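So the chains spell out like this:
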There are 4 protein chains.
Amino acid sequence: MPRIDINCDLGEGFGIYKLGLDEQIYPLITSANIACGFHAGDPQVMRASVSLAVQHHVAIGAHPGTPDLIGFGRRGMELSAEELENALIYQMGALQAFAKAHGSRLSHVKPHGWLYNAAAEDLNLASTVVRAIQSASPDLVLFGLSGSQLIQAAKQASLPYAEEAFIDRTYQSDGTLTSRRSDQALITDPERATQQALDLVLRGRVQALNGSEVKIHADTLCVHGDNPNAVVLLTRGRNKLRKEGVEILPSGRRP
Amino acid sequence: MPRIDINCDLGEGFGIYKLGLDEQIYPLITSANIACGFHAGDPQVMRASVSLAVQHHVAIGAHPGTPDLIGFGRRGMELSAEELENALIYQMGALQAFAKAHGSRLSHVKPHGWLYNAAAEDLNLASTVVRAIQSASPDLVLFGLSGSQLIQAAKQASLPYAEEAFIDRTYQSDGTLTSRRSDQALITDPERATQQALDLVLRGRVQALNGSEVKIHADTLCVHGDNPNAVVLLTRGRNKLRKEGVEILPSGRRP
Amino acid sequence: MPRIDINCDLGEGFGIYKLGLDEQIYPLITSANIACGFHAGDPQVMRASVSLAVQHHVAIGAHPGTPDLIGFGRRGMELSAEELENALIYQMGALQAFAKAHGSRLSHVKPHGWLYNAAAEDLNLASTVVRAIQSASPDLVLFGLSGSQLIQAAKQASLPYAEEAFIDRTYQSDGTLTSRRSDQALITDPERATQQALDLVLRGRVQALNGSEVKIHADTLCVHGDNPNAVVLLTRGRNKLRKEGVEILPSGRRP
Amino acid sequence: MPRIDINCDLGEGFGIYKLGLDEQIYPLITSANIACGFHAGDPQVMRASVSLAVQHHVAIGAHPGTPDLIGFGRRGMELSAEELENALIYQMGALQAFAKAHGSRLSHVKPHGWLYNAAAEDLNLASTVVRAIQSASPDLVLFGLSGSQLIQAAKQASLPYAEEAFIDRTYQSDGTLTSRRSDQALITDPERATQQALDLVLRGRVQALNGSEVKIHADTLCVHGDNPNAVVLLTRGRNKLRKEGVEILPSGRRP
């Protein structure tokens, strides 16, 4: 029986600033990637996020980023391997403490923003991410772009991993994501997003923007919380997947 | 056989900024209170501190403060109980992750600066600190000013605690510390500090500034890392205590 | 001919976080109070705010706060007079540079959040605010709560000032604002807010929550940018005021 | 009569953290480059620095950096041109306000750390720096590495500039500075530093590490405040330069 995880980046508010429709999304996903206070999130937001995750039986994942609140962790930063490793350990530890306070624990880790993209292409950077996760806890599952250097680094270090694909992003014929700068990068049509989810889970393929088919292995599907149609898209996608006999379960430890 | 713990606030640098003589102090103490990145400390400093503590078999304690790097956590901040609790959980978790990465774990928690002083006098604030510690881990030992509301709150909640007294600070006849604003607040003469240590450990008393004797119970003795004579004072104090048959051991979990 | 200034707190976003309906509000006001990066605002937000102010011929004011981004400057902080003065000079200078870059300059200063409220009641704090403004530029106009210690301090130091009243907040019979904790604190009914504006400008009075009349002198009227009805309320209020022959002009230097 | 400016990076403390021997260096230099709160410095440190500069008749310069306190502005950051420009305007404005509060004003600007090095090699980055300075004030003098793209960009935009050379750093035969990673990068011998100062000012040349001579034009000489011999080196260098008839004066506006 085919199975898939559905994840979303959540807990991205800060102080009085709200971001995303977290309350509506938690009931629809199986894994939450929660910001840890460097690029977004603060102790209050983190605690509220963990509390929602526990309440909705959603696996709790750390979504650590660079120390760049103004840039939301999307800007490149020249961190040494040591600095990056320590920044990640710090953030995972902080979130783990909230998980523990709510009777749970971290299940997975997904690097955020620039770090996610850069480590997908750079094996050295990816290995530093993997090393940091293993320092924190060797049974955490790394979420990384399907087929990327992040997955490669996890394999090399025998760290559990989940290959991630996107329901609401278009792909190029070489299997990479269409750049966010393109106005074709996002899929907002729920029909098309649902089709992409089915293609990924049942056939291990997506249709690229140019019409060609690309092989993509997906253990977990990401939906963007700031996608205006995220709730519709998730609701419809889930129903369709279940109708096709797909089991929807976390990639990491079941909460 | 009498026993005592000797603690020091360490890991108070940040980025390129150095503070204190950490390397020289670790070999002389049994418990380290390590800053957690809010009022001082950064992920690199925290990791280096944990590494030194492990190397010297020193118990690792969190020394969390208010989010006030410019003010070094010494300025009052009107945090709600929820904000304070979350700030503490966050910081304890971050340090715990480094301890785990070095094969160890947190042993105790000592609030820093304004928080230490304010919670010593305010049972509500003290109870929030206690609640935060119990959320993080119920077997952590709280370090608080001897006889203060912090100790009271720990007793009420059945949280392990260690009553703290100071080797290098003078006391008033009512048992409070002489204010830092007074130029008689600090004891820099190693002879006098050593005598105060002995009085505290063997007789449960100190001589107040006005010559009277005050009863003070001490489970752990603090030396300030920024005291210019800290190393001399610690070396002499330890030798003298040992000569008197006092065992020097951590208050918390032995590392 | 009666005249009044209409001001609003703007530029309160940060990084990717948006707050308020700035674009819609600028055409309807005469003075903008722009956050300066400590409690809200960042260099991009500040520049965009100054640019909008210049475009809409709105007077540019600094809206400096405490260094408390997580708490949005609403939490009390124990800053020394020197620390507060320097924090204000720093923030006013930063905003002035953007004003200059757009061919304009600062016209006024309104302390934000906790500082606004605390200085309204504490003459010492108010005098520190006044001293900071005079260090930055002696012809800046201080915006402070009508009849408060801020106004008193400005008078004592011969600093130009504008007494501020609120269109969308209810008053107590002693002339103070109803606490935000009360659900009667905010006026969202445009009719009632417009009436309060007219009462303030034409009769120097408001009707308190208990029905009694209170004398309030207003040089400038504040509307909250996060009031969901701010745009409707401003549009209607302005029309009504103009119909009654009231001239709407900045309190400070005309832009 | 030959003339030269002597500058130093100062005001690099933060909160309780001290850095450099500022008090001893101010009497020996003609231009101070003062950190502006992003990579180092805080409002108190900035004010104290400006006060010292005014007292010693030293020209006040802004030394703005990236928003990277942990990394001291030495780590690369992928800022957009707009973000960089705004970060610089913000910081120059903040320092200018302190200069004004002490009856003075900014004379020059020297980018700090990574920004200084990166803009020395990248004309686009250099032009953004120049544009930011011109937005703040078109008569400010840019301090940039002699012969670098920063100087080129200033020339192109008709911004006043001062070409900078280093007394206490060694040069390569191609005129670049020896990398800090080399243990030959710093000159600590006062004799040799003094000779390099004379060679730069009187002959427009330095002897490179390999013995060859390189042409370097210097309008201003930099000494590093964290050089342990900075005070000796400055005292000796100044005396020698004066004995040779060199006038020591700021490159920018005389304070």
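Residues numbered from 1 in each chain as written. Chains lettered and ligands numbered in written order. Predicted model: local features only at pLDDT ≥ 70, side-chain atom pairs only at ≥ 80, totals over all residues. Heavy atoms only, no water.

K.L.:
For this particular structure, what's the right way to read the overall build of chain A?
P.N.:
Helix and strand counts for chain A stand at eight helices and 10 strands. Against the 2.2 N^0.38 benchmark of 18 Å for 255 residues, chain A shows a C-alpha radius of gyration of 17 Å, consistent with a compact globule. In terms of principal-axis extent, the alpha carbons of chain A reach across some 45 × 35 × 35 Å. Going through the 255 residues of chain A one by one, you find that 61% of them count as buried. (Helix = DSSP H or I, 4+ residues; strand = E, 2+ residues; numbered from the N terminus. Rg over C-alpha atoms; globule rule 2.2 N^0.38 Å. Buried < 20%, exposed > 50% of the residue type's maximum accessible area, 1.4 Å probe, protein only.)

K.L.:
Is there a simple way to explain the interface of chain D and chain B in this structure?
P.N.:
Where interface size is given, it is often the accessible area lost as the parts come together that is meant. Counting residues at the interface gives 17 residues for chain D and 17 residues for chain B. Looking at the side of chain D facing chain B, the largest losses of area belong to I16(D), Y17(D) and I70(D), adding up to 54% of the total buried there. For the interface between chain D and chain B, the tally reads zero salt bridges. Linking chain D to chain B there are four residue pairs in polar contact (both at pLDDT 80 or more). (Contact = heavy atoms within 4.5 Å. Buried area = accessible area lost by both parts, 1.4 Å probe. Salt bridge = Lys/Arg side-chain N within 4 Å of Asp/Glu carboxyl O. Polar contact = N/O pair within 3.5 Å; in protein donor to acceptor, adjacent residues only side chain to side chain.)

K.L.:
Looking at this structure, I do not really get the pattern of salt bridges. What am I missing?
P.N.:
Side-chain pairing between opposite charges can occur once the charged atoms of the two side chains come close. One pass over the structure, following the stated rule, counts 44 salt bridges over all chains. R75(B) is paired through a salt bridge with D68(B); the nearest N and O atoms lie 2.7 Å apart. Each of D199(A), R203(A), R205(A) and E213(A) takes part in one network of salt bridges that share partners.

K.L.:
Where do I start with the nonpolar core in this structure?
P.N.:
Inside soluble globular proteins, nonpolar side chains tend to come together where they are buried. M92(A), M92(B), M92(C) and M92(D) are the most contacted members of the largest nonpolar core, which has 316 residues in total. Residues within four places of M92(D) in sequence aside, it is in contact with A62(D), L106(D), V109(D), A132(D), I133(D), A136(D) and L140(D). (Core = buried A, V, L, I, M, F, W, Y, C linked by side-chain atoms within 4.5 Å.)

K.L.:
I keep staring at the side chain of D9(D) and nothing clicks. Help me out?
P.N.:
Residue and element names in this part refer to chain D. The topology assignment puts D9 in strand 1 (residues 3-10). Overall, the relative accessible area of 16% leaves D9 in the buried class. Within polar-contact distance, the side chain of D9 engages the side chain of K110 at 3.1 Å. If sequence neighbours within four positions are ignored, D9 has contacts with N33, H63, K110 and V223.

K.L.:
Teacher, can you tell me more about helix 6 (residues 149-156) of chain C here?
P.N.:
Helical geometry: 3.6 residues make up each α-helical turn, so side chains three or four residues apart lie on a common side. Residues and elements named next belong to chain C. For helix 6, the full list of buried residues reads L150, I151, A153 and A154. All buried residues of helix 6 fall inside an arc of 160 degrees around its axis, so they share one side. Contact partners of the buried residues in helix 6: helix 4 (113-121), helix 5 (123-136), strand 5 (141-145) and strand 6 (161-166). The residue sitting at the N-terminus of helix 6 and contributing the capping side-chain oxygen is S148; that oxygen lies 3.2 Å from the backbone nitrogen of L150. (Arc of directions from axis to C-beta.)

K.L.:
Explain the interface of chain B and chain A here, please?
P.N.:
Contact residues are listed per partner, giving 23 residues for chain B and 23 residues for chain A. In total, chain B and chain A occlude about 1900 Å² of area from one another, counting both sides; carbon and sulfur atoms represent 59% of this. At the junction of chain B and chain A, the tally comes to two salt bridges. Residue R47(A) pairs with E85(B) through a salt bridge whose shortest N-O separation is 3.1 Å. The interface formed by chain B and chain A contains 10 residue pairs in polar contact (both at pLDDT 80 or more). Broken down by secondary-structure element, the contributors of at least two residues to the side of chain B that touches chain A are helix 2 (43-55), helix 3 (81-101) and helix 5 (123-136) of chain B. In terms of residue class, the side of chain B that touches chain A is built from 12 nonpolar, six polar and five charged. (Nonpolar A, V, L, I, M, F, W, Y, C, P; charged D, E, K, R; others polar.)

K.L.:
Explain the relation of the copies chain D and chain B to me, please; I cannot follow it from the model alone.
P.N.:
A rotation about an axis combined with a shift along that same axis relates the two copies of the chain. Superposing chain D onto chain B takes a rotation of 180 degrees plus a shift of 0.0 Å along the axis, which leaves an RMSD of 0.0 Å. Such a turn and shift between the copies fits a two-fold axis. Considering only C-alpha atoms, the part of chain D nearest the rotation axis is Y17(D), at 3.1 Å. The residues that chain D uses at the interface reappear at the interface of chain B in 100% of cases, marking a shared surface. (Least-squares fit on C-alpha atoms with pLDDT ≥ 70 in both.)

K.L.:
Sorry if this is basic, but what is going on with the pairing of strand 3 (residues 59-63) of chain A here?
P.N.:
Note on strand geometry: in a regular strand, side chains alternate between the two faces of the sheet. Residues and elements named next belong to chain A. In terms of burial, strand 3 is a largely internal element, five of the five residues being buried. Alternating residues of strand 3 divide into A59, G61 and H63 and I60 and A62, and every residue in both groups is buried. Handedness of the crossover is the feature at issue here: the chain leaves strand 2 (residues 31-35), passes through helix 2 (residues 43-55), returns alongside strand 3, and the resulting connection is right-handed. The sheet contact formed by strand 3 and strand 4 (residues 108-109) spans two bridges and is parallel. The residue of strand 4 that forms the bridge with A62 is V109. Once you follow strand 3 into helix 3 (residues 81-101) and on to strand 4, the crossover reads as right-handed. (Right-handed = clockwise from strand over helix to strand, strands pointing away. Pairing = 2+ DSSP bridges.)

K.L.:
Explain the pairing of strand 5 (residues 141-145) of chain B to me, please; I cannot follow it from the model alone.
P.N.:
Residues and elements named next belong to chain B. Among the five residues of strand 5, five are classified as buried, and the element is accordingly described as predominantly covered. Strand direction decides the pairing type here: strand 4 (residues 108-109) and strand 5, joined by two bridges, are parallel. Looking across to strand 5, one finds that V109 is bridged to L142. Both strand 5 and strand 6 (residues 161-166) contribute to a ladder of four bridges, which runs parallel. Following the sheet pairing, F143 is matched in strand 6 by A162. Following the backbone out of strand 5, through helix 6 (residues 149-156) and into the adjacent parallel strand 6, one traces a crossover that is right-handed.

K.L.:
Looking at this structure, I do not really get the packing of aromatic side chains. What am I missing?
P.N.:
The geometry of two aromatic rings is summed up by the distance between their centres and the angle between their planes. If you walk through the whole model with that rule in mind, you get 12 aromatic pairs over all chains. A ring pair is formed by Y116(B) and F166(B), whose centres lie 6.4 Å apart and whose planes are at 90 degrees; its orientation type is edge-to-face. You can see Y116(B) sitting in helix 4 (residues 113-121) and its partner F166(B) sitting in strand 6, a full 50 residues away along the chain. Comparing Y116(B) with F166(B), the two get one shared label, buried. Grouping aromatic residues by their ring pairs yields a cluster made of F38(A), Y90(A), F38(B) and Y90(B). Sitting over the ring of Y116(C), K110(C) keeps its end group 5.6 Å from the ring centre. (Phe/Tyr/Trp six-rings, centres within 6.5 Å; stacked < 30°, edge-to-face > 60°. Lys NZ or Arg CZ within 6 Å of the ring centre and 35° of its normal.)

K.L.:
Mind showing me how you'd approach the environment of R47(C) here?
P.N.:
Its location among the elements puts R47(C) in helix 2 (residues 43-55). Taking relative accessible area as the criterion, R47(C) reaches 16% and is therefore assigned buried. Counting along the chain gives 52 residues from R47(C) to A99(C), while the straight-line C-alpha distance between them is 8.0 Å. Within the structure, the side chain of R47(C) is placed 3.1 Å from the side chain of E85(D), a separation counted as a polar contact. Here N86(D) takes part through its side chain, which lies 2.9 Å from a polar atom of the side chain of R47(C).

K.L.:
For this particular structure, what's the right way to read the relation of the copies chain B and chain A?
P.N.:
Rotating chain B by 180 degrees about the axis while translating it 0.0 Å along that axis superimposes it on chain A, leaving an RMSD of 0.0 Å. When you check the interface residues of chain B against chain A, 100% turn up at the interface there too, and the contact is symmetric in its surfaces.

K.L.:
Please clarify how the side chain of D168(B) should be interpreted in this entry.
P.N.:
Residues and elements named next belong to chain B. Along the polypeptide, D168 turns up in the loop between strand 6 and helix 7 (190-203). Here D168 sits buried without a salt bridge, and the closest side chain of opposite charge, R169, lies 6.3 Å off (N-O distance). A distance of 2.9 Å separates a polar atom in the side chain of D168 from the backbone nitrogen of H224. Apart from residues no more than four positions distant in its own chain, D168 is found in contact with A185, L186, I187, C222, V223, H224, N227 and L233. (Lys, Arg positive; Asp, Glu negative; His and termini not counted.)

K.L.:
Is there a simple way to explain the packing of helix 4 (residues 113-121) of chain D against helix 5 (residues 123-136) of chain D in this structure?
P.N.:
Between two packed helices, the angle of one axis relative to the other and the distance separating the axes together describe the packing. Residues and elements named next belong to chain D. In contact at an axis separation of 6 Å, helix 4 and helix 5 are set at 120 degrees when each is read in the N-to-C sense. Classified by the angle their axes make, helix 4 and helix 5 are oblique. In terms of crossing hand, the pair formed by helix 4 and helix 5 is left-handed. Between helix 4, through W114, L115, A118, A119 and E121, and helix 5, the contact on the second element is made entirely by L123, L125, A126 and V129. Counted by class, the contact of helix 4 with helix 5 contains eight nonpolar, no polar and one charged residues. (Axes fitted to C-alpha atoms, helices over the stretch in contact; angles between N-to-C directions. Parallel < 35°, antiparallel > 145°, perpendicular 65-115°, else oblique. Left-handed = near helix turned anticlockwise from the far one by under 90°.)

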